[in-house]
Amino acid sequence: MRSILHRVARALGSDARITVMTGAGVSAASGVPTFRGADGLWKDFRVDDLATPQAFTRNPRAVWEWYDWRRQAIAGCQPNAAHHVLASWSLRFPRFTLITQNVDGLHERAGASDVLRLHGSIWDVGCWNQCAGSPHRWRDDSVPFPVLPPSCPHCGGPLRPGVVWFGELLDSEVVDRSLDATRCDVFFTVGTSAIVYPAAGFLDHARSHGAMTVEINPEATPASSTVDVVVPERAELALPELDATLGAHPLALTTERLRLEPLLPRHVEAAHQLWTHPEVRRYLWDDRIIPRETAEEVARASAADFARHRFGLWLVYGHEESGMPVGFCGLRTDGVGPGPELLFGLYPTYWGRGFAQEASRAVLAHAFTTLRLPRVTAATDAPNERSARTLSAIGMRFDRRAEHNGLDTLFYSIDLRR
Ligand code: OAD
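Residues numbered from 1 in each chain as written. Predicted model: local features only at pLDDT ≥ 70, side-chain atom pairs only at ≥ 80, totals over all residues. Heavy atoms only, no water.

Concerning the overall build of the chain
Selection rule: Strands are runs of DSSP state E lasting at least 2 residues, helices are runs of H or I lasting at least 4, and numbering of each runs from the N terminus. Radius of gyration here uses only the C-alpha atoms, and the compact-globule reference equals 2.2 Å multiplied by the residue count raised to the power 0.38. Exposed residues in this analysis have more than 50% of their type's maximum accessible area, buried residues have under 20%, and partly exposed residues fall in between, with area computed by a 1.4 Å probe over protein chains only. The criterion used for residue contact is that any of the two residues' heavy atoms lie within 4.5 Å. In summary, the charge assignment counts Lys and Arg as positive and Asp and Glu as negative, without counting His or the chain termini. All charge positions are set by atom: Lys at NZ, Arg at CZ, Asp at CG, Glu at CD.
Counting its regular elements, the chain contains 15 helices and 17 strands. The C-alpha radius of gyration computed for the chain amounts to 24 Å, which stays within 12% of the reference 22 Å derived for 418 residues, consistent with globular compactness. For the chain, the spread of C-alpha atoms along the three principal axes comes to 70 × 50 × 40 Å. For the chain, the residues scored as buried account for 52% of the 418 residues in total. The long-range share in the chain, meaning contacts at least 24 apart out of those at least 6 apart in sequence, stands at 64%. Treating the 44 positive side-chain charges of the chain as one cloud and the 48 negative ones as another, the clouds have centres 3 Å apart.

This is the structure in structure tokens:
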């Protein structure tokens, strides 16, 4: 897979025109169900009962119950690493277009701007009667709606979901802009079964304009046999890998004695070995066995952090040591305080050599010099005096002492402005 991704990465020059079209698979890792396949929505629900104007005419309440249920489910979902990478590309590549068939709004929540939403948004509503007083569509985040169907504030008639149903026309401006974006250098189709038109046809347009075409999908689709490159992998893994392959992020850090490698999903094995090593387990995780899924989760969160913030967790390797990481170090956003928060851990075997200080200093230098972050915090349980000593040694100041998760915890910070 590495060589496939390198081939794609070579085509992603900073002046390349890049268009990405996504489908439900890109949100699967966030917990939003896809439409087709074993667990797909269309297995338990019928399009004709729920996603057509006729269904709404027959039974608006039943249709709304389904959309209200999906809105509640999506409200509890977070963007995943795939959304974050695409959001960072929308900033990084000046000629980037993101087209989505998804109505969940997760691309926007990850920070992508100007998303072309072919099928509308589940967060928009419109007046079913198209009354003169109401705009065509507007956003309403109510979850759940107190009454179904919700009523139009202008005429009192029923509201409809702001999605495009089967049998309805797509917004012509969105289609025109999408078609224009198929005149590109690289066209990606990501996490879509590639069977619903007109979206499915954009790929052919892109190919006829001479674009390199790439599919990212763990399953084969009708598009698989026609694209130039198939990446048979889940989007939340493939996109961070590809992003890391682009190499413009200052990801790896080196110091005199250490090399810090960003923890990405491809390093799950090394991370898992590190965290299940008896010495590390004992002091880091209260001797709990860390399941592989936890290591995968941490690696995914780290990849998402790297895609979004250019920091996350790094695995720390000693230049003199063989193979295994000696520990980890990094900045995370899901810590006990407002992020970014410094975190580190080493094998006890390596305690006393100043490795934790050396790795933490490299991370802080990256945070302050490259990323220009104003402040980094840290927290340590009071009995963990070793960590407290390391934090003081790297210039972090004690802020306060408070109970966190039932443990007496010391909070530290370092502030560039001080
Ligand atoms: P589908 O449910 O048809 O297809 C989802 C695709 O995502 C499948 O090909 C899966 O193999 C793939 N997939 C699953 N998990 C993935 C992952 N983690 N990473 C990458 N790919 C993954 O959804 P769409 O193609 O989006 O339309 O469906 C298109 C349209 O049909 C939807 O917009 C909706 C639906 O009916 C309307 O409601 C108008």
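Further notes follow.
Topic: the site of the ligand
So the rule is basically this: Here a residue is near a molecule or strand as soon as one of its heavy atoms is found within 4 Å of it. Polar contacts, as used here, are pairs of N or O atoms within 3.5 Å; protein pairs need one atom able to donate a hydrogen and one able to accept it. Residues neighboring in sequence count only if both atoms are side-chain atoms. Polar here means any residue outside two lists: the nonpolar Ala, Val, Leu, Ile, Met, Phe, Trp, Tyr, Cys and Pro, and the charged Asp, Glu, Lys and Arg; Gly therefore counts as polar.
Close to the ligand lie 23 residues, the nearest being Ala24, Phe35, Arg36, Thr192 and Ser193. Contact distances for the ligand include 2.8 Å between an oxygen atom and a side-chain N or O atom of Asn217. For the ligand, a nitrogen atom lies 3.0 Å from a polar atom in the side chain of Glu236. Taken together, the residues of the shell around the ligand sort by class into nine nonpolar, 10 polar and four charged.

A few points about the domain arrangement of the chain
Quick reminder of the rule: As used throughout, domain bounds are those supplied by an automatic or database domain assignment. Each of two parts loses accessible area, computed with a 1.4 Å probe, when they are put together; buried area is these two losses added. By salt bridge we mean one thing: a side-chain nitrogen of Lys or Arg within 4 Å of a carboxyl oxygen of Asp or Glu.
Along its sequence, the chain is carved into domain 1 (2-231) and domain 2 (253-415). If you look at the interface, domain 1 gives six residues, while domain 2 gives five residues. Around 480 Å² of area is buried between domain 1 and domain 2 when both sides are counted, 64% of it from carbon and sulfur atoms. Joining domain 1 to domain 2, the criterion identifies zero salt bridges. Put simply, domain 1 and domain 2 have zero residue pairs in polar contact (both at pLDDT 80 or more) between them. Of the residues in the side of domain 1 that touches domain 2, the class split is three nonpolar, two polar and one charged.

Brief notes about helix α14 (residues 355-370)
Put simply, the rule is: In this scheme, a helix's expected span is set at 1.5 Å multiplied by one less than its residue total.
Between its first and last C-alpha, α14 extends 22 Å over 16 residues, near the 22 Å set by a 1.5 Å rise per residue. Of the residues trailing α14, Arg372 is marked for its positive phi of about 55 degrees.

Here's the deal with the packing of aromatic side chains
Using the following cut-off: Working definition: rings of Phe, Tyr and Trp (its six-membered ring) pair if their centres are within 6.5 Å, and the pair is stacked with planes under 30 degrees apart, edge-to-face with planes over 60 apart, and tilted otherwise. Both a distance and an angle decide whether a charge sits over a ring: NZ of Lys or CZ of Arg must be within 6 Å of the ring centre and within 35 degrees of the ring normal.
Enumeration according to the criterion identifies 17 aromatic pairs in this entry. Taking the centre distance of 5.7 Å and the plane angle of 45 degrees together, the rings of Phe45 and Trp69 count as tilted. A residue pair is termed long-range when its members are at least 10 positions apart, and Phe45 in the loop between α2 (41-44) and α3 (47-50) and Trp69 in helix α5 (residues 60-75) qualify at 24 residues. Geometrically, the ring pair formed by Trp89 and Phe96 is edge-to-face, given 6.4 Å between the ring centres and 85 degrees between the ring planes. Using a relative accessible area of 0% as the deciding quantity, one classes Trp89 as buried. Ring pairs connect the aromatic residues Phe35, Trp42, Phe45, Phe56, Trp66, Tyr67, Trp69, Trp128 and Trp165, which therefore count as one cluster. Residue placement shows Arg70 over the ring face of Trp66; its charged tip is 4.5 Å from the ring centre. The cationic tip of Arg400 hangs over the ring face of Phe411; the distance from NZ or CZ to the ring centre is 4.0 Å.

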